Amino acid sequence: MRYCLFAILVFHNPKAFSPQADSIPPSVQRLLDAYPDHLEAYQDNYIRWKDGSLMQYDDGRFKTEEEAFDSTDLEDQMNALSYPPGLPVDTPGYNCDPGTLRCQEFFMKMYGNTEAAAKSHLVPVTWLAPKAGQTKRIWVTSINGVNEHLQAVAQELVAYPHLRPYVTNIGGTFNWRPIMGTQRMSPHSFGIAIDLNTRRSEYWKWDHKDNWQLDSVEINLKWRNSVPLEIVEIFERHGFIWGGKWFHYDTMHFEYRPEMLPDQKRRNVGKPTRRPAIGKKKG
Ligand SMILES: [Zn+2]
């Protein structure tokens, strides 16, 4: 049982967020602000997309932990747990994995509901190679400018040679697949996620290969991380959340989720910082 999430579900009363026709709850506004290319309005518990279609915000159901993960609505996605932006990074609370409740219908509509559809939006980003001055191409979606945001991350990272071992030889970006051991599509399926160097990072399921299906207490799950936090700061400034802020740690993993980082989005997303061009040899 993931007590942290469960507690939130118990104490969250969906009725408390019942929208008035003329008022937009803050969590809904955050969602609208995060995806201005796609979402245009909210009324009477429905989000209106720019193509005119409507998506229910809150299904009004009380859910167990498993149900919350398997049938996440937008309200669950926005209100379950807040992602703590910035530094310092505290050890996540027991079973707290903010950002891992994802409304699958929402992501599939936005980024593609089949492998072919998601693939059709992929574009290259020039990424860092192990050797300074060299580059490689990686592929992410162009929707919501994710490629531009990731390119801005690369342009910042290249200025820090000591971070290079962590961000080169990456684990991957686009991969149409379910999350290991579940039926839910991984954010990698939508071209919005990147895994850094797997040899320099940690994933709780790899640390507990034989027994990860058991309760966190039974496997004595203990958070750990070796990814430098400077990397986290850079990614967050460009709209990506980090899997190292989850009790069920996945410290190689970053995914574009601007709705979880509203302040960062307002300040920085869409405004690549001026840094040396990637690949340019420094000093
Ligand atoms: Zn990942």
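Residues numbered from 1 in each chain as written. Predicted model: local features only at pLDDT ≥ 70, side-chain atom pairs only at ≥ 80, totals over all residues. Heavy atoms only, no water.

Focus on the packing of aromatic side chains
By convention here, two paired aromatic rings are described through the distance between centres and the angle between planes.
Link 1 in the chain: Taken as a whole and judged by the stated rule, the model has 15 aromatic pairs.
Link 2 in the chain: Centroid distance Tyr94 to Phe247: 5.1 Å. Interplanar angle 65°. Geometry classified as edge-to-face. Placement of Tyr94 in the loop between helix H4 (74-79) and helix H5 (104-111) and of Phe247 in the loop between strand E8 (240-242) and strand E9 (253-256) is noted, with a sequence separation of 153 residues between them.
Link 3 in the chain: You can call Tyr94 partly exposed: its relative accessible area is 31%. (Phe/Tyr/Trp six-rings, centres within 6.5 Å; stacked < 30°, edge-to-face > 60°. Helix = DSSP H or I, 4+ residues; strand = E, 2+ residues; numbered from the N terminus. Buried < 20%, exposed > 50% of the residue type's maximum accessible area, 1.4 Å probe, protein only.)

So, the environment of Leu157
Link 1 in the chain: Relative to the helices and strands, Leu157 resides in helix H7 (residues 146-157).
Link 2 in the chain: Residue Leu157 is classed as buried on the basis of its relative accessible area, which comes to 1%.
Link 3 in the chain: Those residues in contact with Leu157 that lie beyond four places of it in its chain are Trp127, Leu128, Leu163, Val167, Ile231, Ile234 and Phe235. (Contact = heavy atoms within 4.5 Å.)

Points about the nonpolar core
Link 1 in the chain: Grouped together as the largest cluster of nonpolar side chains are 55 residues, with contacts concentrated most on Phe106, Trp127 and Phe235.
Link 2 in the chain: The next biggest cluster of nonpolar side chains, apart from the first, holds 8 residues, and it includes Trp204, Trp212, Leu221 and Phe247. (Core = buried A, V, L, I, M, F, W, Y, C linked by side-chain atoms within 4.5 Å.)

Points about the pattern of salt bridges
Side chains that differ in sign of charge can pair as their charged atoms come close.
Link 1 in the chain: For the coordinates displayed, the defined rule picks out 12 salt bridges.
Link 2 in the chain: Here Lys63 ties to Asp76 by a salt bridge, and the two come within 2.4 Å at their closest N and O atoms. With Lys63 in the loop between strand E3 (54-56) and helix H3 (65-70) and Asp76 in helix H4, this residue pair connects regions lying 13 residues apart in the sequence.
Link 3 in the chain: We classify Lys63 as buried; its relative accessible area is 2%.
Link 4 in the chain: Taking the shortest distance from any N to any O, the salt bridge between Lys119 and Glu115 comes out at 3.8 Å. In this pair, Lys119 and Glu115 are both assigned in helix H6 (residues 115-119), 4 residues apart and thus about one turn of the helix distant.
Link 5 in the chain: Under the relative-accessibility criterion, Lys119 is labelled partly exposed at 46%.
Link 6 in the chain: By relative accessible area, Glu115 is classed as partly exposed at 36%.
Link 7 in the chain: A network of salt bridges, in which partner residues are shared, links Asp59, Lys63, Asp73 and Asp76. (Salt bridge = Lys/Arg side-chain N within 4 Å of Asp/Glu carboxyl O.)

Let's talk about the coordination of the zinc ion
Link 1 in the chain: Every protein donor of the zinc ion is accounted for by His188 (NE2), Asp195 (OD) and His253 (ND1), and the metal-donor separations fall at 2.0 to 2.1 Å.
Link 2 in the chain: In primary sequence terms, the donor set of the zinc ion follows H-x6-D-x57-H. An identical accessibility class is assigned to His188 and Asp195; each is buried. (Donors = N, O, S within 2.8 Å, 3.2 Å for Na, K, Ca; no water.)

Looking at the sheet that holds strand E2 (residues 46-49)
Link 1 in the chain: Read across the sheet, 3 strands follow the order E1-E2-E3 without closing on themselves; strand pairing throughout is antiparallel. Strand pairing shows two members of the sheet lacking a second neighbour, strand E1 (39-43) and E3, which therefore form its edges. Strand-to-strand twist in this sheet, taken as the mean axis angle between neighbours without regard to direction, amounts to 25°.
Link 2 in the chain: Looking at chain direction, E2 and E3 are connected through 3 bridges and run antiparallel. In the sheet register, Tyr46 faces E3, and the bridge partner there is Gln56.
Link 3 in the chain: Running at roughly 165° to E1, helix H2 (residues 26-34) makes contact with E1 and E2 of the sheet. (Pairing = 2+ DSSP bridges. Axes fitted to C-alpha atoms, helices over the stretch in contact; angles between N-to-C directions.)

Details of the confidence of the model for the protein
Link 1 in the chain: In the predicted model, the protein carries a mean pLDDT of 86, and 85% of its residues have values of at least 70.
Link 2 in the chain: Long-range and interchain partners of residues 265-283, a stretch whose pLDDT sits below 50, account for 42 contacts in this model, where long-range means more than four residues apart. (pLDDT = per-residue confidence, 0-100.)

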